[in-house]
Protein chains: 2
Amino acid sequence: MATLSQLINAKAIAIAKLAVRATTTAGSGHPTSALSLAHLVATLMYHTMRWRPEQPRDPGADRLVLSEGHAVPIIYAACADLGVTFYPHGQAKRMTVDDLMTLREIGSPIDGHPNPALGFPFFDAATGSLGQGLSVAGGLGCAARIDGVDKVVYCIIGDGESREGQIWEAMDFIRDQRLSNVVAVFNCNGLGQSDYVSPEQDWTHLQHKAEAFGWTTVVIDGHDPEVILAALGRRAGLAKEGQALAIIARTVKGWGVPAIQGTGHHGTPVPKDQLDSVLGALDQRAKELGVAAISQEEMARGLSIAQPTATPAAPPPARPPAGFMAAVAGNTKAAKSVEEKKALSPRRAYGLALKALGAANPLIVALDGDVKNSTYAEDFAKAYPERYFEGRIAEQNMVSVGAGLAAAGKIAFVSTFGRFMERAFDEIEMAVIGGLPIKLVGTHVGVTLAADGPSQMGLADVGFMRALAHTDDYHGNPAMTVLTPSDPVSAYNLVLAMAEHPSACYLRAVRGDLPILYRESERFPFGGYKVVRRAESDRPAIVLAGTGYLVHSCLKAAEALQPLGIAATVIDAYALPLDAAPVLRLARSAGASILTVEDSYVGGIGSEIAEAAAASGDGPRVRMLAVRNIPKSGRTAEDVLAYVHISVADIVQAVKTLTRQRAPDQVGSQLL
Amino acid sequence: MATLSQLINAKAIAIAKLAVRATTTAGSGHPTSALSLAHLVATLMYHTMRWRPEQPRDPGADRLVLSEGHAVPIIYAACADLGVTFYPHGQAKRMTVDDLMTLREIGSPIDGHPNPALGFPFFDAATGSLGQGLSVAGGLGCAARIDGVDKVVYCIIGDGESREGQIWEAMDFIRDQRLSNVVAVFNCNGLGQSDYVSPEQDWTHLQHKAEAFGWTTVVIDGHDPEVILAALGRRAGLAKEGQALAIIARTVKGWGVPAIQGTGHHGTPVPKDQLDSVLGALDQRAKELGVAAISQEEMARGLSIAQPTATPAAPPPARPPAGFMAAVAGNTKAAKSVEEKKALSPRRAYGLALKALGAANPLIVALDGDVKNSTYAEDFAKAYPERYFEGRIAEQNMVSVGAGLAAAGKIAFVSTFGRFMERAFDEIEMAVIGGLPIKLVGTHVGVTLAADGPSQMGLADVGFMRALAHTDDYHGNPAMTVLTPSDPVSAYNLVLAMAEHPSACYLRAVRGDLPILYRESERFPFGGYKVVRRAESDRPAIVLAGTGYLVHSCLKAAEALQPLGIAATVIDAYALPLDAAPVLRLARSAGASILTVEDSYVGGIGSEIAEAAAASGDGPRVRMLAVRNIPKSGRTAEDVLAYVHISVADIVQAVKTLTRQRAPDQVGSQLL
């Protein structure tokens, strides 16, 4: 009768062989990284984790996040061996070894790095860009706490990967939140891609660091099932003390196969003609460990996967959230601003909407990065502290925690200054790749922030986000919908719409007050725009397409153009992507040009409308006003708008130049 | 006769008062953060640092990097008091208190956050987006080591800020590099913006963390000059042992003024009507410390700033670097590939060019993030190890170290996968804001990477970088020039051109081999393009504008179109920004449409040409092929190109659709 350790040893070698075969078949991949995890993965997936292969996304099950995503063949191998349910071509199927051999094929969900969105729900989030998994695990841990589920989230992190600062942001976050349901497993195989890891990433340093970050550590031989089991066995006791466990596992990259150990073997599959020899070396290791005679059947009998303890209760259904005016009435400062100034900042509207959503829907959760008193996420934080997670000054971790919460079915709003969202663009893209509908809110965007200067102004955020906005996600929606409200009502209603939307969104809110333009009942469909001023003439000379703060500048410019005989229509282009066809028709029917006006660097609404116009092949002419020099501090918004040449006067001047360029037959009636 | 400590106490209070006055005059800013640094800054700037206020960028002088940039008023105050040379309106001037009171004015270089590029060379780099300063200090420290200059770089970091993972990346980097010329000063005032810092950021945890990261720590009262002096005095001895010093300074946010201490005072200037009372409180502190009677003159006499030890020798002048063929000849693998396949990967060309530059110019330095064997930065690393800095898997730190090296006058090339450049977009933008001409090289871009999947493919990089490409920097150049070579010769020559260019650049290189298209003598001016295939007809039906790998796909498509009677011109649009006018003329003169083809998400060459066409008001029609769905792994580049609909067949189909849409009088002669 084989012992548990022997069974795990035998299983580790069995899945190691499968992982090597799969990468050789694929002709690429990371077998040596996979081998370093053979025993850890075997112990977790065949013994310690409480889960069901037939239902890998069971909401009560323990989770495994592979932060070092390139090592995934070892997990795929275990999944194939266990017959995990996955979804090739959208249909549920129990995975086989044949399926495993489709690794990295264009038609296979067995992708090069973990990605649940392709049909592999064993994973919660896409990983592969390093350093993000522990944050995702933190998000899953937060969700489990909200749901009152006794679930453990295991996260495997490479030692080279632990150089990424985000890992330490996550270590801080998990400790700060006292999440003892997350276990960090550092896979210390001593090798990065191009070289040995630095001394700073060796197991001794990692242990000292993890302890300095407040975790309890255990150093183990990551290829000895007995000590792995003992280390994992410490978790429950530590959890009772509110302590998180970090296992520092010393491993060998290319375990079992001396020929592929050391430097120079990262990301290199075993050539076909060496495959037998490598598999033979692993068989030899099985002999040396005295487990060569254990049959698959004996392993299957002896290794019993623990079942999830319980399925969490379904949350109460969501109710319709309060409307804008009711929300305003419930907030003294907001009510005063609306009453006296007929204006409110869109970030204040975000705070009101988030709180209203919180009251209406228990799935709503929120994160902010130490600026909740500026983004007004604090309204929610105070009302629903158990669903608010303070991210502190660590935006990368915050976004990935949000992704983890989204993976667990929460509707996660993540706020900070739009400028600091840039810090997490990689994490945002990974969330999108993984099909996780995070709701991002960037405040203080654009140059009207003024006094604080360019290090605080969201300006290049639009170009990046728009790249995702023109990419379809797995729902066929834009992978990112970018929303720039021009007034507090639209801000409020757009936040409510974000919560309903099945895909990722990014709301951009300026710091300052915006005059109210819309009635509470106005709806703002994604992809749409609003005509906020119709030209006096049936044939406007110009269509001004503004976003956010600059919609109001466009309205002022239109008023200034009227005495000059230049009729202007103004639209509020609040959404990217934008269905530009009607905007083009609006201009084309009048022979008008379009001037886009935005207080970001290029790549936003201007590109959106210009691309549509150019694709149509018959105009209209589209010119873009955007920020085209690096801003600086100014004491007023107007100072900085003038500095970057998008003041009302600049808009007026641009229109005058543009209308003068019209074809002669169209110009006559419009100019002075 | 006042003691040194008394003099520093007196000076700290004097500059504290100036800082408070300046922020009140500006109507915004962070006086409480400034007050927490009064004694540390006074000790450094009036005593410990070896520098000359009249020449703040003296290459031999010690440096001060304020990572928590919002606390800058205390440094501005000292600079005004010391008459630091700065450059309002481009003219050198010794700073006065009147100048200080222009803080945050649109016409003043005394910006809201540190920014040398506006004319304030006391600072080396722009800071303000948190967590980046220690990396910049690391870069300055690396440069000092190359130059053999005995210079110390002090870096002040907020405790709340220390939650940013990049701080810990920098702690690792500085330790890994054994840079003992960098001193980290953690300003532990216990408060972030919205709340107290978490327990994980308190001074005890910071001390334990810094020690676990291999630094020697000293915990001090940051308002006691005697202990500050003693702590700073330990540096020289530790440096002899190769040890870096971290000073954990316990401070008080709003020091000296109880009324503005605690939460709720971050980023809040003292109202004008409370200014006298706040200044009075600081005077009262001077009395309590027994330094109220020390006159400005006595301080000036007693506090003597140490002079820089020596000016570093000027480096030998640069020679012209070797040409492409000579570089190829010096590398066996490259020579074989060129000889046998008439092809070479552009990343290999980067490696060759970087090494050639290294031989020719001692100012060239390089960094890479544990993928130097993939980017071929290793060619340089092996040849010039003293000028190569291994960044490990920590891209944020790597880019900011590069910025620091650039600030010290080095020509810093920074390479990793283009996908992982996204991790450092914030840092890239900060470098650009600070006017630092970093040279970025992103390899493995686009979907042709294939097998590794979307977590490794640079796709959204273009949209972000193009936002900067249409923003003028302080030279009047694009703040970022984006270069996508289509062959190894252009890759090589573009890298040489990047080294010459005074502004920031980003080279995008695919993983695979590219056939040679150009002769070694071909030049690739920024903003230009190349016609790589002229249509058989004088009146091409289509202009195909491709980038990188897809230039070759466009060439194949053009060949496939020829038998269909569709004449195609193909251009290699290697640069963003692009002078699109001649491209439009090329199409317009023939009545042709333009099809742009790129293997990134939208926001690149397609937007570039479409925007120009739309602005011209008279076409031509421009359609864009780009990646519009999230890719996945595929075993071949062709598999993935087809999956995202930019295969040669897709190009051909798009052209057929597009040419069918031409105006009837133009179509006749072209279609079947």
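Worth saying up front: this structure is predicted, and the values here are computed from it rather than measured.

## Notes on the packing of helix H6 (residues 133-147) of chain A against helix H7 (residues 165-176) of chain A
Residue and element names in this part refer to chain A.
Move 1: Interhelical geometry of H6 versus H7 gives an angle of 20° and a closest axis separation of 8 Å. By the angle between their directions, the pair H6 and H7 is classed as roughly parallel. Relative to H7, H6 is oriented so that their crossing is left-handed. Residue-level contacts link Leu134, Ser135, Gly138 and Cys142 of H6 to Gln166, Ile167, Ala170, Met171, Phe173 and Ile174 of H7.
Move 2: Counted by class, the contact of H6 with H7 contains 7 nonpolar, 3 polar and no charged residues.

## Quick look at the relation of the copies chain A and chain B
Move 1: The transformation that overlays chain A on chain B combines an axial shift of 0.0 Å with a rotation of 180°, and the residual RMSD is 0.0 Å. Read as a symmetry element, the transformation amounts to a two-fold axis. Distance from the rotation axis, computed per C-alpha, reaches its smallest value in chain A at Gly165(A): 1.8 Å.
Move 2: Most of the interface of chain A is mirrored in chain B: 99% of its interface residues are interface residues there too.

## Digging into the sheet that holds strand E21 (residues 622-625) of chain B
Residues and elements named next belong to chain B.
Move 1: As summarised here, the arrangement of the 5 strands in space is E16-E18-E17-E20-E21, forming an open sheet in which the pairing is mixed. Bordering the open sheet on either side are strand E16 (530-533) and E21, each of which pairs with just one other strand. Strand-to-strand, the axes of this sheet are offset by a mean angle of 25°, without reference to chain direction.
Move 2: Of the pairings in the sheet, the one linking E16 to strand E18 (residues 568-572) comprises 3 bridges and is antiparallel in character. When the sheet's bridge partners are listed, Val531 is paired in E18 with Ile571.
Move 3: Packed onto the sheet, helix H23 (residues 549-561) meets E16, strand E17 (542-546), E18 and strand E20 (593-597) and runs at close to 175° relative to E18.

## Quick notes on the sheet that holds strand E6 (residues 216-221) of chain B
Residue and element names in this part refer to chain B.
Move 1: Spatial strand order, E1-E4-E5-E7-E6: 5 strands in an open sheet with parallel pairing. If you trace the sheet from one side to the other, it starts and ends with strand E1 (63-66) and E6, each paired once. Adjacent strand axes in the sheet meet at a mean angle of 20° when their direction is disregarded.
Move 2: Two elements, E6 and strand E7 (residues 245-250), share 6 bridges in a ladder whose sense is parallel. Counted as the bridge partner of Thr216 is Leu245 from E7.
Move 3: The strands that helix H9 (residues 225-233) touches are strand E4 (153-158), E6 and E7; relative to E6, the one it contacts most, it runs at about 170°.

Conventions adopted
- Residues numbered from 1 in each chain as written.
- Chains lettered and ligands numbered in written order.
- Predicted model: local features only at pLDDT ≥ 70, side-chain atom pairs only at ≥ 80, totals over all residues.
- Heavy atoms only, no water.
- Axes fitted to C-alpha atoms, helices over the stretch in contact; angles between N-to-C directions.
- Helix = DSSP H or I, 4+ residues; strand = E, 2+ residues; numbered from the N terminus.
- Parallel < 35°, antiparallel > 145°, perpendicular 65-115°, else oblique.
- Left-handed = near helix turned anticlockwise from the far one by under 90°.
- Contact = heavy atoms within 4.5 Å.
- Nonpolar A, V, L, I, M, F, W, Y, C, P; charged D, E, K, R; others polar.
- Least-squares fit on C-alpha atoms with pLDDT ≥ 70 in both.
- Pairing = 2+ DSSP bridges.

By themselves these figures say nothing about function.
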